[in-house]
Amino acid sequence: MALLQLEKERLVWRARQLTGPDHRRQSSFYPTLDAHLQGGWPQTGLVELAYGSAGIGELRLLFPLLAQTESRLQVWINPPAELNGQALAQHGIDLSQTLLIRCQNPQQALWSAEQSLNSGCCSHLILWAPGLTAPQAKRLQVSAKGNQALMFWLHPQAEPSTSALPISARLSLAPLATGLRLKIHKYQGQWPQSFCQVDMHELWPSLAIPTHLPTHHGPAPSSNIAALPFKPR
């Protein structure tokens, strides 16, 4: 009976099962990605995103989800550049519910992340950190799940960590002309998936690249600085 209850709650699963959408997940608001994740991001837990090079669309991947937050804080810890508040607001982020934390070293950043999760005041937390040990990941995973929060750990390595970290999901990102190419290396409760292409053109039409670029003899068009999530240096 205990095993059946655990299986019903998707805490254990059988390899032969064809799992359907997990209603305990939250939509990424990208239909293709939701299909690959069998319903979307986990409601709680720790998700690793290896993005390789900053600015390929790693934040665009999260903006539709973060724009839905209403009642609790979103915590951003040690982003690689200064955040552009105007751009975040344009993408639907509620600045009054956004907390930016700057730390002098990775140890302080991890402490801040754990304390933020344990406060119960945040729904989503985004941490930029070069790496996590298994004990560190376990503490963050337990804190996120225990306080009904979803945490994203971003780092600039091209490939995700190879160690068996106790986390909910592990993905790597690569740029495409109008979006991202994702590989799902780990997702609790399902087999690793093949590559998934996320088209962001519908939400950001400016990502469309014309087949033939028109000849332009006038002054160069100005870039839309306000739309950038990070302020240029």
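Summary of the structure given here. (Residues numbered from 1 in each chain as written. Predicted model: local features only at pLDDT ≥ 70, side-chain atom pairs only at ≥ 80, totals over all residues. Heavy atoms only, no water.)

Points about the side chain of Gln 74
Here is step 1 of the chain: By the secondary structure assignment, Gln 74 is in strand E4 (residues 73-77).
Here is step 2 of the chain: We classify Gln 74 as buried; its relative accessible area is 3%.
Here is step 3 of the chain: Only 2.5 Å separates the side chain of Gln 74 from the backbone oxygen of Leu 66, close enough to count as a polar contact.
Here is step 4 of the chain: When residues no more than four places from it in sequence are discounted, the contact partners of Gln 74 are Leu 66, Thr 69, Ile 93, Gln 97, Thr 98, Leu 99 and His 124. (Helix = DSSP H or I, 4+ residues; strand = E, 2+ residues; numbered from the N terminus. Buried < 20%, exposed > 50% of the residue type's maximum accessible area, 1.4 Å probe, protein only. Polar contact = N/O pair within 3.5 Å; in protein donor to acceptor, adjacent residues only side chain to side chain. Contact = heavy atoms within 4.5 Å.)

Regarding the side chain of Ser 123
Here is step 1 of the chain: By the element assignment, Ser 123 lies in strand E6 (residues 122-128).
Here is step 2 of the chain: Excluding residues that lie within four positions of it along the chain, Ser 123 makes contacts with Thr 69, Arg 72, Leu 73, Gln 148, Ala 149 and Leu 150.

A few points about the packing of aromatic side chains
Here is step 1 of the chain: According to the stated counting rule, one finds two aromatic pairs in the structure shown.
Here is step 2 of the chain: Between Trp 76 and Trp 128, the aromatic rings sit 6.1 Å apart at their centres with planes inclined by 25 degrees, giving stacked as the arrangement. Here Trp 76, found in strand E4, pairs with Trp 128, found in strand E6; they are 52 residues apart in sequence, far enough to count as distant. No difference in accessibility class separates Trp 76 from Trp 128, as the two residues are buried. (Phe/Tyr/Trp six-rings, centres within 6.5 Å; stacked < 30°, edge-to-face > 60°.)

Structural notes on the nonpolar core
Here is step 1 of the chain: If you look at the biggest cluster of nonpolar residues, it comprises 37 residues, and the most contacted ones within it are Leu 33, Trp 41, Leu 49, Leu 61, Trp 76 and Phe 152.
Here is step 2 of the chain: Counting only elements with at least two residues in this core, the list comes to strand E3 (45-50), helix H3 (63-66), E6, strand E7 (150-155), strand E8 (169-176), strand E9 (179-187) and strand E10 (195-199).
Here is step 3 of the chain: Looking at this core element by element, the count peaks at four residues for E9.
Here is step 4 of the chain: The residues touching Leu 33, leaving out its near neighbours within four places in the chain, are Ser 28, Trp 41, Leu 61, Leu 182, Cys 196 and Val 198. (Core = buried A, V, L, I, M, F, W, Y, C linked by side-chain atoms within 4.5 Å.)

Examining the pattern of salt bridges
Here is step 1 of the chain: All told, the structure shown has three salt bridges when counted by the stated rule.
Here is step 2 of the chain: A salt bridge links Glu 82 to Arg 102, with the nearest nitrogen and oxygen atoms 3.8 Å apart. Of the two residues, Glu 82 sits in the loop between E4 and helix H4 (85-90) while Arg 102 sits in the loop between strand E5 (98-101) and helix H5 (106-118), which places them 20 residues apart along the sequence.
Here is step 3 of the chain: Given the relative accessible area of 47%, Glu 82 is considered partly exposed.
Here is step 4 of the chain: You can call Arg 102 partly exposed: its relative accessible area is 40%. (Salt bridge = Lys/Arg side-chain N within 4 Å of Asp/Glu carboxyl O.)

Points about the state of the cysteines
Here is step 1 of the chain: Scanning all chains against the criterion turns up zero disulfides.
Here is step 2 of the chain: Looking at Cys 122, it has no disulfide partner, and the nearest cysteine sulfur is the one in Cys 121, 7.5 Å off.
Here is step 3 of the chain: For Cys 122, a relative accessible area of 1% gives the class buried. (Disulfide = S-S within 2.5 Å.)

A closer look at the pairing of E7
Here is step 1 of the chain: Summarising burial for E7: six of the six residues are buried, a large majority.
Here is step 2 of the chain: By the alternation rule, side chains of E7 split into Leu 150, Phe 152 and Leu 154 and Met 151, Trp 153 and His 155, which are all buried.
Here is step 3 of the chain: With six bridges connecting them, E3 and E7 associate as parallel partners. Residue Leu 49 lies in a different strand from E7, and its bridge partner there is Leu 154.
Here is step 4 of the chain: Two strands pair when backbone bridges link them, and E6 and E7 are joined in this way by five bridges, in the parallel orientation. What sits directly across from Leu 125, in E7, is Met 151.
Here is step 5 of the chain: With helix H6 (residues 134-146) bridging E6 and its parallel neighbour E7, the resulting β-α-β unit is right-handed. (Pairing = 2+ DSSP bridges. Right-handed = clockwise from strand over helix to strand, strands pointing away.)

A short note on the sheet that holds E6
Here is step 1 of the chain: Read from one edge of the open sheet, eight strands run E5-E4-E6-E7-E3-E8-E9-E10, paired in mixed fashion. Edge strands, defined here as strands with exactly one partner in the open sheet, are E5 and E10. Strand-to-strand twist across the sheet, computed as the mean angle between neighbouring axes with direction ignored, equals 20 degrees.
Here is step 2 of the chain: In the sheet, E9 pairs with E10 via five bridges, with the strands oriented antiparallel. Bridge assignment links Lys 183 to a residue of E10, and that residue is Phe 195.
Here is step 3 of the chain: Here H5 sits on the sheet and contacts E4, E5, E6 and E7; the angle it forms with E6, its principal contact strand, is near 170 degrees.
Here is step 4 of the chain: Strands in contact with H6 are E3 and E7; relative to E3, the strand with the most contacts, it is inclined by about 125 degrees. (Axes fitted to C-alpha atoms, helices over the stretch in contact; angles between N-to-C directions.)

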